[in-house]
Amino acid sequence: MSATDDTIAAIATPIGISGIGVIRISGPQSLDVAAKVFRATKSADVKTFPSHTAHHGKLVNPQTEEPIDDVVLTVFRKPKSYTGEDVVELSCHGGIAVLKSALNVVLENGARLAEPGEFTKRAFLSGKIDLAQAESVNDLIRAKTDRARRVALAQLDGALSSRVKAAQDRILSVLAALEAAIDFPEDVEEPHPAWLESEIGSARDVVARLLQTFSTGRIYREGVRVAITGRVNVGKSSLLNALLRHARAIVTPIPGTTRDVIEEGLEIRGIPIVAIDTAGLRSTQDPVEQIGVELAERTLQSADLALLVIDASQGVLDADVEIMRRLRGKSVIVVINKVDLVPSGIQSILAEQCKQSFAKDVPVVFTSALEGRGIEDLENAIASSVESVGISDLAAAETAVVSNMRHQQALRSALHSLDQALKTLRSREPLDLLSVDLTAARYALGLITGETATDDLLERIFSEFCIGK
Ligand SMILES: Nc1nc2c(ncn2[C@@H]2O[C@H](COP(=O)(O)OP(=O)(O)OP(=O)(O)O)[C@@H](O)[C@H]2O)c(=O)[nH]1
Ligand SMILES: [Mg+2]
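Please read all numbers here as calculations on a predicted model, not as lab measurements.

Pulling in residues and values, what's your account of the domain arrangement of the protein?
Split by domain assignment, the protein resolves into domain 1 (8-129), domain 2 (133-213 + 400-450) and domain 3 (224-388). Its C-alpha centre places domain 1 at a distance of 50 Å from the equivalent point of domain 3.

Below is the structure:
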């Protein structure tokens with residue numbers, strides 16, 4: 001990505017048909033570009049528009065004065081803008097042809113097309129936000145559940161950054177004291193070991209506490225992946241629809257209906273879930289269904305929890321046992337569906353059959369997706385299964401939650417260096433050794449806030465953004 005002395009532009013809203021579509025322009029020439037292509041209804045000089053004002057007018061092709069769209073232009077002058085630069089936003093009518101023409105005319109008159117994430121990258125480079133906050137913007141846009149949104153927003157507000165900064169400040173004050181003592185041994189006393197221990201220990205505790213939030217944080221961000229699996233026609237898609245409470249997946253009496261993998265986000269008892277419907281597992285000659293079955297098997301491997309669906313009217317078959325065998329090592333809930341087709345006395349027999357065929361302690365739930373029966377029991381079973389794998393205190397850890405694997409790695413490395421520093425201190429080794437560990441810890445934490453991030457790292461992070469953000 002090039003330096004920030006040029007002016008960038010992009011469509012900031014999804015391409016499609018919508019009420020409005022926004023072209024965002026940022027950089028030193030934003031207002032010059034706008035002046036060329038915008039004709040205010042109340043004739044006025046675009047370059048004198050005050051910051052944070054909106055103006056109605058026409059977007060035109062300046063060569064021909066041909067109007068492109070009726071727009072509202074908003075000005076945000078530096079430094080009080082998203083990027084910290086002069087920003088102009090053109091709110092156009094949201095349509096594919098409109099936005100394409102609008103972007104073209106902006107690009108022909110002094111702006112260049114922005115790269116993915118370049119607006120946010122500029123916000124980072126101009127010091128408006130740090131790297132963790134910049135990353136949270138992407139998390140926020142991609143948040144599928146309310147919890148994920150809340151975690152991302154807290155990170156954008158600086159909840160994570162401020163904890164990291166607190167640890168960094170302690171490390172810095174220790175480093176400064178050590179350096180002074182090393183550089184001026186005559187004038188400056190060596191810092192007291194008790195003070196060193198308390199400062200380094202506090203930094204370590206902050207880092208360790210943040211690390212503990214990661215497994216919860218990942219779930220917050222991505223949701224628990226719950227795959228619905230089983231033979232064909234047992235009611236997997238019907239169960240997905242019942243959990244979602246709307247008809248998302250196609251349901252038919254024809255075995256082999258589902259071929260694609262269908263993922264939908266939902267919340268169960270406050271836990272973000274990604275429910276995944278998959279093709280029924282069977283060997284088949286149909287090439288399309290074959291691909292579906294392969295996809296289903298691959299999806300199962302990445303799932304945190306599997307719902308093995310069984311048809312109550314057929315009981316546990318060898319094919320069901322075979323599918324369970326393939327799920328070995330995974331958390332599984334057995335869902336006996338279509339209970340409306342069997343007398344209620346059969347349930348205990350089916351439960352016993354499950355214990356014998358699968359495992360004594362496997363959770364078993366009875367449902368009728370058709371009649372909406374047992375869905376709450378299934379939700380309870382999902383919630384307790386999720387909690388038993390350690391994703392508890394979802395409500396408690398609301399503020400600073402580490403949800404990003406990159407941050408986790410940096411924190412781990414910082415923790416290691418801080419532990420090393422404490423060891424060095426306790427074994428009364430020379431103080432310059434301590435500096436080495438603390439410098440390493442400081443570097444690792446700087447990767448989170450971005451102070452020590454390399455260009456390569458920045459490029460990798462921002463390339464994951466969409467264009468226009
Ligand atoms: N009686 C009864 N029928 C059900 C129930 N759940 C699903 N069905 C019916 O079973 C048939 C198959 O349902 P689906 O939800 O498509 O089953 P599936 O497991 O997704 O099937 P494939 O995608 O083909 O593997 C449909 O006719 C459903 O209406 C239930 O609880 N009771
Ligand atoms: Mg299906």
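Having seen it, we continue.
Can you lay out the packing of helix α3 (residues 118-125) against helix α4 (residues 131-142) for me, pointing to particular residues and giving the numbers?
It is the contact of α3 with α4, at a shortest axis distance of 9 Å, that shows an interaxial angle of 160°. Considered as vectors, α3 and α4 are oriented roughly antiparallel to each other. Of the two elements, α3 crosses α4, and the hand of that crossing is right-handed. Contacts between α3 and α4 involve T120, A123 and F124 from the first element and L131, A134 and V137 from the second. Here the residues of the contact of α3 with α4 sort into 5 nonpolar, 1 polar and no charged.

Which residues make up the site of ligand 1, and what values do they have?
In the vicinity of ligand 1 lie 22 residues, with G235, S237, S238, T258 and G280 positioned nearest. The residue inventory of the shell around ligand 1, partitioned by class, reads 8 nonpolar, 11 polar and 3 charged.

How would you explain the packing of helix α6 (residues 159-183) against helix α7 (residues 193-212) if you had to name every residue and give the values?
Two numbers describe how α6 lies on α7: the axes approach to 9 Å, and their chain directions differ by 160°. Compared by their axis directions, α6 and α7 come out roughly antiparallel. Relative to α7, the crossing made by α6 is left-handed. Each of R163, A166, A167, R170, I171, S173 and V174 in α6 lies in contact with α7, whose residues at this interface are L196, E199, I200, S202, A203, V206, V207 and L210. Class assignment for the residues of the contact of α6 with α7 results in 10 nonpolar, 2 polar and 3 charged.

Go over the sheet that holds strand β3 (residues 38-40), please, and point to the residues and values.
Strand pairing in a sheet relies on backbone hydrogen bonds, with the paired strands running either antiparallel or parallel. In space, the 7 strands of this open sheet follow the order β3-β4-β5-β6-β2-β1-β7, with mixed pairing throughout. In the strand order of this sheet, the two ends are held by β3 and β7 (112-113), each with one partner. Contacting β1 (8-11), β2 (18-26), β4 (53-61), β5 (66-76), β6 (87-94) and β7, helix α2 (residues 96-107) crosses the sheet at an angle of about 15° to β2.

So what's going on with unusual backbone geometry? Which residues, and what values?
Omega for the bond connecting K78 with P79 falls within 30 degrees of zero, at 0°, which places this linkage in the cis form. Along the chain, P79 turns up in the loop between β5 and β6. With phi around 60°, E65 is a residue other than glycine that occupies positive phi space. Residue position: E65 is located in the loop between β4 and β5.

How would you sum up the environment of D361? Please name residues and give values.
Tracing the chain through its elements places D361 in the loop between α12 (346-357) and β13 (364-366). Spatially, the C-alpha atoms of D361 and L317 are 19 Å apart, while their sequence positions differ by 44 residues.

An account of the pairing of β6 is needed here, citing residue identities and associated values.
Successive residues of a regular strand alternate their side chains across the two faces of the sheet. Within β6, 6 of the 8 residues are buried, leaving the element largely enclosed by the surrounding structure. Here β2 runs beside β6; their pairing, made up of 8 bridges, is antiparallel. When the bridges of β6 are listed, S18 appears paired with G94.

Can you explain the sheet that holds strand β8 (residues 224-230)? Please cite residues and give values.
Spatial strand order, β9-β10-β8-β11-β12-β13: 6 strands in an open sheet with mixed pairing. Whereas interior strands pair on both sides, the edge strands pair on one side only; in this sheet they are β9 (262-268) and β13. Neighbour-to-neighbour, the strand axes of this sheet turn through a mean angle of 25°, independent of strand direction. One ladder, built from 7 bridges, connects β9 with strand β10 (residues 271-277); its direction is antiparallel. Residue pairing for β10: G265 is matched across the bridge by V274. This element, helix α11 (residues 318-326), spans β8, β11 (305-311) and β12 (331-337) of the sheet and lies at about 175° to β11.

About the cut-offs
Residues numbered from 1 in each chain as written. Chains lettered and ligands numbered in written order. Predicted model: local features only at pLDDT ≥ 70, side-chain atom pairs only at ≥ 80, totals over all residues. Domains from an automatic or database assignment. Axes fitted to C-alpha atoms, helices over the stretch in contact; angles between N-to-C directions. Helix = DSSP H or I, 4+ residues; strand = E, 2+ residues; numbered from the N terminus. Parallel < 35°, antiparallel > 145°, perpendicular 65-115°, else oblique. Left-handed = near helix turned anticlockwise from the far one by under 90°. Contact = placed C-beta atoms within 7 Å. Nonpolar A, V, L, I, M, F, W, Y, C, P; charged D, E, K, R; others polar. Near = placed C-beta within 6 Å. Pairing = 2+ DSSP bridges. Buried ≥ 20, exposed ≤ 12 C-beta atoms within 10 Å, placed from the backbone.

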